[in-house]
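# Coordinate inspection notes
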Amino acid sequence: MQRGKLITFEGIDGVGKSTQAAVLESFLLRQGIDVKRTCEPGGVPVGEKIRQILLHEKEDLSNLAELLLFFAARAEHVHRVVRPALEQGQWVICDRFIDASYAYQGGGRKIKSGWIDTLVKWVASDLSPDLTILLNLPSEHIHDRIPSNQHDMFRASVSDKIPDNFESEEKPFFERVRNVYLKRAEQEPGRIEVIDASPDKETVSGEIIALVKKRWPETDNE
Ligand code: TYD
């Protein structure tokens, strides 16, 4: 069985990742590709519980504990969802993955990237995404779209409609997050594609689908 592809969506909060992940999922399904759409933090019951602690119940959590909880959720998600799906030949679309830890915990919270490298080695050394779509917004629009979880089937709870612990951060935090994402894209241009998220949703989807078709011509059947 040929291993499936791992496609991840990244970007700052409210940039439209979940909406675009759903559009890409529908497109791939129409091409007859078996797709598993999932998200981090979450995707498995224990991950959802950790998500709740990280986003809505954080009181005095240290930055290090936060980092470790994200990786605890990721270890479970990778073990139970991502790796099995890929091994069964499914294409996995994941709303946030390892780049988010570098951007938010490394950039936003200023944790040393070497510590994150170590956790990546433990948890997902064999799982570099085949493609990462980084939805980017100009700096001046950073706070315009926060909070915005309304389109997300994975996050329909009432508590997800109010700003969470990250959405309540100030602009400099998101500037740092965005800068790390862009730096990683510069370092890995073959994997990370930067897409301007400021146009309307259809324009952004069109760009994403075009780049998927170009990368994997077998998906170009329409
Ligand atoms: P997410 O639900 O994707 O937020 P949104 O849909 O609002 O974009 O992610 C929740 C928050 O968790 C988000 O603010 C980013 C943060 N996060 C990290 O800080 N580190 C991580 O490794 C991941 C996966 C998410």
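Residues numbered from 1 in each chain as written. Predicted model: local features only at pLDDT ≥ 70, side-chain atom pairs only at ≥ 80, totals over all residues. Heavy atoms only, no water.

## A closer look at helix 5 (residues 113–124)
Between its terminal C-alpha atoms helix 5 stretches 16 Å, which fits the 16 Å expected from 12 residues at 1.5 Å a residue. Ile-116, Leu-119, Val-120, Val-123 and Ala-124 are the residues of helix 5 that are buried. On an axial view of helix 5, the arc spanned by its buried residues comes to 105°, and they lie on one face. Opposite the packed face of helix 5, turned more than 90 degrees from it, sit the exposed residues Lys-121 and Trp-122. (Helix = DSSP H or I, 4+ residues; strand = E, 2+ residues; numbered from the N terminus. Expected span 1.5 Å × (residues − 1). Buried < 20%, exposed > 50% of the residue type's maximum accessible area, 1.4 Å probe, protein only. Arc of directions from axis to C-beta.)

## Observations concerning a nonpolar patch on the surface
Together, Leu-64, Leu-68 and Trp-115 make up a nonpolar patch on the protein surface, roughly 280 Å² of accessible area in all. Along the polypeptide, Trp-115 turns up in helix 5. (Patch = residues over 30% accessible without salt bridge, like charges linked within 9 Å, V, L, I, M, F, W, Y side chains within 5 Å. Areas by Shrake-Rupley, 256 points an atom, 1.4 Å probe, with all protein chains shown as cover. Salt bridge = Lys/Arg side-chain N within 4 Å of Asp/Glu carboxyl O.)

## Here we look at the environment of Val-123
When you line up the elements, Val-123 lands in helix 5. Separated by 45 residues in the primary sequence, Val-123 and Val-78 place their C-alpha atoms 7.6 Å from one another. Not counting the four nearest positions on each side in its chain, Val-123 is found in contact with Phe-71, Arg-74, Ala-75, Val-78 and Arg-83. (Contact = heavy atoms within 4.5 Å.)

## Here we look at empty space enclosed by the protein
Tallied over the entire structure, the rule returns 1 cavity of 30 Å³ or more. Contributing to the lining of the largest cavity are Gly-11, Ile-12, Leu-134, Leu-135, Asn-136, Leu-137, Arg-178 and Tyr-181. Where the lining of the largest cavity is concerned, the elements lending two or more residues are strand 4 (131–136) and helix 6 (171–187). Per-element tally for the lining of the largest cavity: the top contributor is strand 4, with 3 residues. (1 Å grid on protein atoms, 1.4 Å probe; cavity = no way out; pocket = protein on both sides within 12 Å on 5 of 7 lines; lining within 4 Å. Points joined across faces, edges and corners; volume = space filled by probe spheres on them.)

## Focus: the layout of surface pockets
By volume, the second largest pocket is sized at about 310 Å³. What lines the second largest pocket is a set of 19 residues, among which Ile-98, Asp-99, Tyr-102, Arg-184 and Glu-188 lie closest to the centre. Where the lining of the second largest pocket is concerned, the elements lending two or more residues are helix 4 (98–108), helix 5 and helix 6. Residue contributions to the lining of the second largest pocket peak at 5 residues, all from helix 4. Taken together, the residues of the lining of the second largest pocket sort by class into 7 nonpolar, 6 polar and 6 charged. (Nonpolar A, V, L, I, M, F, W, Y, C, P; charged D, E, K, R; others polar.)

## Structural notes on the packing of aromatic side chains
The final tally for this structure, using the stated rule, is 7 aromatic pairs. With 5.7 Å between their ring centres and 90° between their planes, Tyr-104 and Phe-166 make a pair best called edge-to-face. Linking Tyr-104 in helix 4 with Phe-166 in the loop between strand 4 and helix 6, this pair joins segments that are 62 residues apart in sequence. Residue class for Tyr-104 comes out buried when judged on its relative accessible area of 5%. With 6.3 Å between their ring centres and 40° between their planes, Phe-166 and Phe-173 make a pair best called tilted. There is no split in this pair, since Phe-166 and Phe-173 are both buried. An aromatic cluster of at least three residues, connected via ring pairs, comprises Phe-70, Tyr-104, Phe-166, Phe-173, Phe-174 and Tyr-181. The side chain of Arg-74 reaches across the aromatic face of Phe-71, ending 4.6 Å from its centre. One cation-aromatic arrangement involves Arg-184 over Tyr-102; the distance from NZ or CZ to the ring centre is 3.9 Å. (Phe/Tyr/Trp six-rings, centres within 6.5 Å; stacked < 30°, edge-to-face > 60°. Lys NZ or Arg CZ within 6 Å of the ring centre and 35° of its normal.)

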